[in-house]
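Coordinate inspection notes
Given next are the chains, with one letter for each unit.
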Amino acid sequence: MADCADVIRYIVNKAAGAGVRVYPIAAVTLGQEGRELTDFEALVRAGAVAFSDDGRPVMTAAMMAKAMKAAAGLGKLVISHCEDTSLAGGIINEGAVSSRLGMKGLPGAAEEVQAARETALAASYGLPVHIAHVSTALCVAIIRDTKRRGAKVTCETCPHYFSLDESYTLSCDADYRMNPPLRTKADVAASLRASKTAR
Ligand SMILES: [Zn+2]
């Protein structure tokens with residue numbers, strides 16, 4: 001993610017003559033390191049449409065709250081890649097398949113813990129937040145429940161999370177590895193159900 005206005009401006013200018021619409025998302029923190037907020041105002045002026053450290057989580061609740069407030073003040077929102085890295089470590093889902101392969105897993109809880117945090121922040125402060133690439137049933141439930149309570153939470157998922165489950169990773173084909181990882185059949189069913197009933 002671009003963390004300085006010049007890069008956002010460069011992207012916008014390059015895209016201007018390209019015949020496609022490009023909506024740049026700027027980094028939440030400098031170098032996506034979670035330590036210092038980027039210059040939100042300058043980034044929006046340059047053309048940023050939202051903020052995200054996607055690929056990495058914003059690890060502290062305080063920093064995420066600060067980011068959500070700064071973004072909302074400019075009429076923008078933060079897109080959260082939910083992954084508590086203290087629980088992370090593997091490249092496939094933690095569970096039956098990772099045990100069978102003898103590989104370290106990345107648990108659904110790593111995503112759910114942060115989704116719960118972001119939705120709690122959104123509810124407490126009345127600020128919007130977007131949860132990226134939802135992959136677990138509990139994450140769907142957390143978001144749905146908080147939305148019902150009136151929080152300004154939105155989310156999305158990707159086709160592989162509602163069509164492929166962790167059993168595909170048994171093939172050891174790297175095409176089936178991504179972050180978050182492919183989850184259980186129950187997670188896939190929940191993601192599909194949620195995508196059909198989203199409001
Ligand atoms: Zn991500």
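For every chain, the first residue of its written sequence is number 1, and the numbers climb from 1 along that sequence. Side-chain atom pairs in this predicted model are given and counted only at pLDDT of 80 or more, local residue features only at pLDDT of at least 70, and totals for whole chains, interfaces and linings cover all residues. Side-chain figures throughout are based on the complete set of non-hydrogen atoms in the structure, without hydrogens or water.

1. A closer look at the coordination of the zinc ion
What counts, and what does not: Only N, O and S atoms count as donors, using a 2.8 Å limit from the metal and a wider 3.2 Å limit for Na, K and Ca, and since water is excluded some coordination spheres may look unfilled. Numbered from the N terminus, helices here are DSSP runs of H or I no shorter than four residues, and strands are runs of E no shorter than two. Partly exposed describes any residue whose relative accessible area lies between the buried limit of under 20% and the exposed limit of over 50%, with all areas from a 1.4 Å probe on protein chains only and scaled to the type maximum.
Around the zinc ion, the protein contributes the donor atoms Asp54 (OD), His81 (ND1) and His133 (NE2), which lie 1.8 to 2.1 Å from the metal centre. Along the chain, the residues donating to the zinc ion are arranged with the sequence spacing D-x26-H-x51-H. Pair noted here: Asp54 is in the loop between strand E2 (50-51) and helix H3 (61-73) and His133 is in the loop between strand E6 (129-131) and helix H6 (137-148), with a separation of 79 residues, a long-range link. You can call Asp54 partly exposed: its relative accessible area is 29%. A relative accessible area of 9% places His133 in the buried class.

2. Overview of the side chain of Asp84
Under the convention used in this document: The sign given to each residue is positive for Lys and Arg and negative for Asp and Glu; His and the chain ends receive no count. Salt bridges are defined as contacts in which a side-chain nitrogen from Lys or Arg sits within 4 Å of a carboxyl oxygen from Asp or Glu. Pairs of residues are marked as contacts when any of their non-hydrogen atoms sit within 4.5 Å.
For Asp84, the position within the fold is in the loop between strand E3 (78-80) and strand E4 (92-93). Despite its burial, Asp84 remains without a salt bridge, the nearest opposite charge being carried by Arg117 at 6.7 Å. For Asp84, the contacting residues outside a window of four places in its chain are Met59, Ala110, Val113 and Gln114.

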